[in-house]
Amino acid sequence: MKKFSLIIAALIAMVFTVSAQQIKGTVKDNLDGTPLVGASVVAKGTTTGSVTDANGAFEFTLPNGATTLVVSFVGYVNKEVAINGQSTLDVTMESDANVLGDVIVVGYGTSVKTRTVGSVSTISGKNLDQIPFGSLDNMLQGQTTGVQVTGLNGRPGQRAFIRVRGTGSITAGRDPLYVVDGIPLSGDFYSLINANDIDNISVLKDAASASIYGSRGSNGVVLVTTKKGNKKRQPELQFRYQRGIKRITPYNFDLMNQSDKLKYEYDLGFLNRPLEDSIKVAYPTPAITTNAAALAKFKTLSDGERDKVWNSLSNTDWLKTLTRQANLSSYELNIRGGSDNFGYYFSLNNYDEEGISQGSTFNRKSALINVQYSPISWFTLGNMTNISVAKNDQLRDRNNVQSPFRALFSYNSYEPEKLANGDWNLTHQGFSISEAILNNVENDITIGGVSNIYGEIKPMADLKIRSSLGINFRDFQREYYLKPGSILDQFVGDPAAPGSKTDNGNREVNYVLSNTINYTKELNKNHRIDLLGGVEYTENNFKSYSLQSKGYPTDKVTTQNNGAAAVVTTSNRFDWALFSLLGRASYSYLDKYAVEASLRNDGSSRFGSQNRQGTFWSVGAGWNIAREKFMGMSQESILKIRAAAGTSGNFEIGNYPWQDLYALNISYGDRTASAPSQLGNRELTWEKNFNWSTGIEYEFFKSRLKGYVEFYNKKTFDLIFTTPVSQTTGFATVLKNIGDIQNQGVEVSVNYDLISVPSKKLKLNVGLNYTFNANKVTKLFNGKEVDGLGGITRLKEGFPVYNYYMPRWAGTDPDDGGHRWLDTLGNVVKTYSAGNSVILDGKSPDPTYYGNFRTTLEYQGFSISANLYYSGGNYIQNSIWSTLNSDGANARSAQAADALNYWKQKGDVNVSPKPILNGGQTNWTSDRFLQKGDFLRLRNVTVAYEIPERALKSLKMKSVRVYFQGQNIWTWAKDYKGDPEVGLGSGEGGAAATYGGIQSLFSYPQTLGFTGGIDVTF
Amino acid sequence: MKKLAISFFIVSLLSLNSCGDKLELNPYNALETTQAFETGSDFTNAIRGTYAGMVLGNASYYGGDYILTPDVLADNVLSCGAGRLTGLTYHNWIYTANATTSIFNEGYRLIRRTNAILENLDRFVKNTEGTIPNTLFRNTTELNAFANNVKGEALAIRALAHFDMVRYFGKGFSSAADSDLGVPYVTSTDATALPARETVKATYDKILVDFVEAEKFIAVSNGVGRLNKVAVQGLLSRAYLYRGEWQNCIDASTRCLTASASVGTIANFPNVWKDASNDGVLFKVTITEKDNVSVGVNYSQTSTAGTRSEFVVDYDLYQKYKTEDVRKGAYFVTTAFSGTTYNHISKNFGRATGRANVVDVKVIRNAEVLLNRAEAYARIGGKDTEALADANNLRKNRYTGYVNGTESGSTLLNAILLERRLELAFEGHRFFDLKRLGLGVSRSNFGDKSDGTGANNIAKTLDAGSFKFQLPLPQQEINTNSNVKQNPNY
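These figures come from a predicted structure and were not determined experimentally.

Notes on unusual backbone geometry
- Of note, the bond from Thr285 of chain A into Pro286 of chain A is cis; its omega dihedral lies within 30 degrees of zero at -10°.
- Turning to its location among the elements, Pro286 of chain A is positioned in the loop between α4 (273-282) and α5 (291-300).
- Here the residue pair Ile132 of chain B and Pro133 of chain B is connected by a cis peptide bond, since its omega of -5° sits within 30 degrees of zero.
- Positive phi values are uncommon outside glycine, yet Arg165 of chain A reaches one of about 55°.
- Tracing the chain through its elements places Arg165 of chain A in the loop between β12 (160-164) and β13 (177-180).
- For Arg165 of chain A, a relative accessible area of 1% corresponds to the buried category.
- The residue Leu194 of chain B is not glycine, and still its phi comes out positive at about 50°.
- One can find Leu194 of chain B in the loop between α6 (140-169) and α7 (200-217).

Structure, rendered in structure tokens:
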């Protein structure tokens, strides 16, 4: 720390020296020739210089020996001009907006394509514009290689899970670190950011790029850069409006229709209650009293009579009843521009999305302001602040009919939504979801913000010192009201104190204090050195509360003070802190050779004092062969070979994971009590990650053809795992460092302008992304197999993470229609045993390949683009499908039409087993419903028209763009029944709720949508 | 410029200067284990924490399954067609190692809590002796009395948890061969021990040792919500009955009943199930409104639409309750749900006020101890008079206008066993009693409706020797503890 300040002091002291000889001139924009006011003109290697006046003119006395002028202006590319004895120099500068394509945002700075040595994917903000999703992470799907994105589910505003280069951890976090304008975010902020405000996103995929983020870099880093103002530009005002609809994605199977289901039940000898009642009404004498008698009577009827009774039952389309065509709209106003030394961007946005079921909505209002001000040439200060308010009306996330998306697959078509007397029909499930949506309301509001205040000085042209305080906070408040008199309240509430209300929430504040120093030196225009040093302190404070009371006099009052008695009053709190030192050195020669090394040391409060410090490093090199004379290529071409290696860590393991803990948050007889709550492990240490990657980047024919091929190997050591232990210890699990995981892969990207005729404004572009990732557990504690999630997966050396582990289904016995499985030796058995589980080779929940194909055709002002996403190689335990094909176990509930095809007589093959009414078949978990998850999905199709400028002149508009787009409008899945984009199961789904893609389980369905919109710029 | 630049950096560097020390952070809501056993009240909290462990968590031990599963496994109940069809895994005996009772996990969680107390107790006594007199203890007598009670309570809970588990996972004491396996008997908090299963006999022996020790040390009164000397004596009587040691059973029962005689009067009996009376209750697990553990919810839920039962009483058993039997009204209610009338089990409907289905779980009552003794007398030979006296004592407190019975021999024994079934139904005994007696499960052909008609799609019989009488251990235990063997046939 002390040394660091000494160095800075020394560097500052170097800056101030004195000198003599006169020079004058002007500084102008290279395109429109407007004079640039306030540009800094300095003799190179000194601080002597001047700032241009209102006419862009400068004049000052040159120090002795000065040969070069350095001209700089925010928003423009720095320029060096040789003096060559002249006394008047006119300089033109190029706006850096024009060269932005080449600038790549990297950790704690920027770089250019020819100089990067690590794997960094950049995504232009344009690709994220007006995509109708509430959460920006969803929009990254298919945008680049090595980044697998799956929507958690289709709830409006719901986030996605992102895996950068495979699953690198099991128990510790698997999500990348998000950094917005230099501030590492804590937690789930994605739905709070308006994606239209994003200028670009960089994804740091390998050690060389991500190890500068040390203990948080191992899952990759997503750097989000927001839009900034342009100095010296007229204000540009833009208004954007979009509206459209969303619907449930159609599923590729049918449920039994009313008559099929009734016939099915009849054949099974099951008589449902509505039918029993109808028989009693149709045949009043002699009086039928029992279900069995009704069934007996029913069996004596002729086909016609039977149909008549069947037809008297209602025929409800539950899909139509419980889902809706949801509206979506967003409007936005933004303005950007700047004066001589000031730049600003400001936006206001309102995003409204209804859910596809009543009771589900998402609304976000957000504002972003981004300003930079340079009062003097060597000093800049700035601020980016984003504030959002997101409101959600939520449905209960349950794995039963308290969720409409389970009810949809559970209620029978012969059951009406309401009874003849107008009461809600409780159905065979004893619960009316339609009533619950009205009477058990749940909503939440999240207020969030990200703000970064910084100051930056350039004591000399090559040195930049930056100090910033960033903060991100989130305030979440949820209310859940079980209205008095609601059906659920009657089931779970207190009859003497009806109604119950829950208020819970949390507040998280994360602040980051960061000081960096950056030294860039170019020697003879050939050698370039970049040095970076920094100190950073991060602290996170979290507090939560939950209040619940019961006994509400009327459903019109909802605050806790109206409850007759408190039920729950609880709060929680935790902190973590991180102190880091970081440094990076890069050297490049002629944009031909580049080498880079970085180092970071993190101290984390989450580990015991012995293992608190972690040091992470990286090295990398690149060689742009295109610049070699023997290649004879044009200057713009790039053919770069690069290789890098390094380490990073993963600290997402909870806050106090290593301690043996005794909890006091329990009570007995309402008196204080204590009990062990955590089995500690003092040896617990960092989960480390070592990876290397190598690749070739190319860009030929004036960038008409560009892309890359890359190989990577990413290895996680000292894997932290919630290891099952013998339950005789009194615990089920303990955290241990038990093994290693490896992800190896290939990434390919090709982008080609198939047709490019600038004179006719005609362009046809095609692009292909492909990622292959092979995931493997390479070492496990003592070489043992460890049970994975939900009893259906296992971890074993040499197999992918969470390889499925189940008994093998051997089909229906053609002789008697019974179930058959294979035992561990491969013999057919007819009795189910979980002990017959085997590792199902090659079947695991993570996709092994994914990518997208996109094409854009532009002609004059028209454009049409399509984005086709594909993913596969994964398997999904399709529990929705098994519930709908239960072989009679769930015969009382809705079943798939396929379930009709069951064993009826000896010799039947390719059929489901003979149904057993209300049997135990649902416990016979096997690979029968383990389905291949390969799919293709037309993620987005956009048709747009840009009205010609000449038509707008009279309207004083700069541009008008109208467009129409469709999301998820077509899906193809060969083997999978249902929507193959499986994220998390419903909240009560056990394994399915914790690891994405492992099991489908009645989660909020994915949606397809159509929207249209207009962008007007003044 | 110079000044500005320098001050800019002094400010920004100062702000970072002291950050390195801020990494020493501890939780706000928990203690490190070493801090948890320092004072007397720490031990009282830890003891209460063991009882809390019976209830909380996922409520599948005394908070629910204890009073449900042994009845669902046996012939006392019938799955109700109007219910959600829960519990069929047990009811139809289709459990596997991946879908078995979580009592293994819950039991050892409880045992771990008792062992932590026992391991820290001596250190506490030694450390506290030097500080006497202090605010809690005026002299060593008080300290020792406190420590003895803690020890007795911890030992009794440890024995009880092992007892509950061996009833599920092991064969009956009498029918088990010497090599048949019970459960691991855990007496330390060593997390690396990987204990093997004891034999059934050895498990029962160790249970007995702990109960006997506990009786010596435990205090006479800790309140009905905690174990006391009489409750331990009652549990000892149960343990001896399961072992078939009739005289020991008679002695332990007598010690218990001498200190606490009432089996609950006819007037008080219905109130016991509403927690309005503790007449005849030796120990019950307290469940408060705040705990909100709905122990009865696995039997039924009640709304304005009526009571929706998961399980109704088997009609054959229902008919055995006579009109003048106070238990008939206390245990059942016959009402309609969705147009069909059922005999619902109302024993766990909850208190007169408060949340539905929230009620204390009765673990041992005088009536059971009396029945234990009556059975022991009837089996030991030559003690029919005493057996009859005990049986009559219970019956006169259950049947209005009861005239003393005069049975003897096997008629008397059968009458005692019938009374046992009637008295302890839906309290977690039936399956274990059948196993103890070497009987199979044989269910009636009646349906789920109040008149015995209606649906009845369940499995009917489980033969006495079936392996299904011993539930499978969780697969996780087999996978993580190489010393533990699975029960045969799973």
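Some details on the sheet that holds strand β2 (residues 40-43) of chain A
Residue and element names in this part refer to chain A.
- Read across the open sheet, the four strands follow the order β3-β2-β5-β6; overall the sheet is antiparallel. Sheet topology places β3 (49-51) and β6 (79-82) at the edges, where each strand pairs with a single neighbour. Strand-to-strand twist of the sheet, defined as the mean angle between neighbouring strand axes without regard to direction, takes the value 20°.
- Bridge analysis of strand β5 (residues 68-72) against β6 gives four bridges, and the strand direction is antiparallel. Its bridge partner being in β6, Leu69 is matched across the sheet by Val81.

A closer look at the confidence of the model for chain A
Residues and elements named next belong to chain A.
- Of the residues in chain A, 96% have a pLDDT of 70 or more, and the chain-wide mean is 88.
- Of all the helices and strands in chain A, helix α1 (residues 2-15) carries the lowest mean pLDDT, 45, while strand β46 (residues 930-932) carries the highest, 96.
- Confidence over residues 1-19 falls short of pLDDT 50; this stretch has 30 contacts with residues more than four positions distant or in other chains.

Details of the packing of α7 of chain B against helix α8 (residues 229-243) of chain B
All names here are of chain B.
- In contact at an axis separation of 9 Å, α7 and α8 are set at 155° when each is read in the N-to-C sense. The orientation of α7 with respect to α8, classified from their angle, is roughly antiparallel. At the point where α7 passes α8, the crossing takes the left-handed sense. Across the interface between the two elements, Lys201, Tyr204, Asp205, Leu208, Phe211, Val212, Ala214, Glu215 and Lys216 of α7 pack against Lys229, Val232, Gln233, Leu235, Leu236, Ala239, Tyr240, Tyr242 and Arg243 of α8.
- Considering only residue class, the contact of α7 with α8 consists of 11 nonpolar, one polar and six charged.

A word on the pattern of salt bridges
- Throughout the structure, instances matching the rule amount to 81 salt bridges over all chains.
- We note a salt bridge from Asp462 of chain A to Lys521 of chain A, for which the minimum N-O separation is 3.2 Å. Of this pair, Asp462 of chain A sits in the loop between β22 (440-460) and β23 (463-482) while Lys521 of chain A sits in strand β24 (residues 500-523), and the two are 59 residues apart along the sequence.
- In this structure Lys521 of chain A comes out as partly exposed when scored by relative accessible area, which is 23%.
- One salt bridge connects Asp530 of chain A with Arg528 of chain A, and the closest N-O pair in it is separated by 3.0 Å. Note on accessibility: Asp530 of chain A and Arg528 of chain A belong to one class, buried.
- Each of Asp325, Arg327, Lys347, Arg365, Arg398, Glu419, Glu423 and Glu427 of chain B takes part in a single network of salt bridges with overlapping partners.

So, how was this worked out
- Residues numbered from 1 in each chain as written.
- Chains lettered and ligands numbered in written order.
- Predicted model: local features only at pLDDT ≥ 70, side-chain atom pairs only at ≥ 80, totals over all residues.
- Heavy atoms only, no water.
- Helix = DSSP H or I, 4+ residues; strand = E, 2+ residues; numbered from the N terminus.
- Buried < 20%, exposed > 50% of the residue type's maximum accessible area, 1.4 Å probe, protein only.
- Pairing = 2+ DSSP bridges.
- Axes fitted to C-alpha atoms, helices over the stretch in contact; angles between N-to-C directions.
- pLDDT = per-residue confidence, 0-100.
- Contact = heavy atoms within 4.5 Å.
- Parallel < 35°, antiparallel > 145°, perpendicular 65-115°, else oblique.
- Left-handed = near helix turned anticlockwise from the far one by under 90°.
- Nonpolar A, V, L, I, M, F, W, Y, C, P; charged D, E, K, R; others polar.
- Salt bridge = Lys/Arg side-chain N within 4 Å of Asp/Glu carboxyl O.

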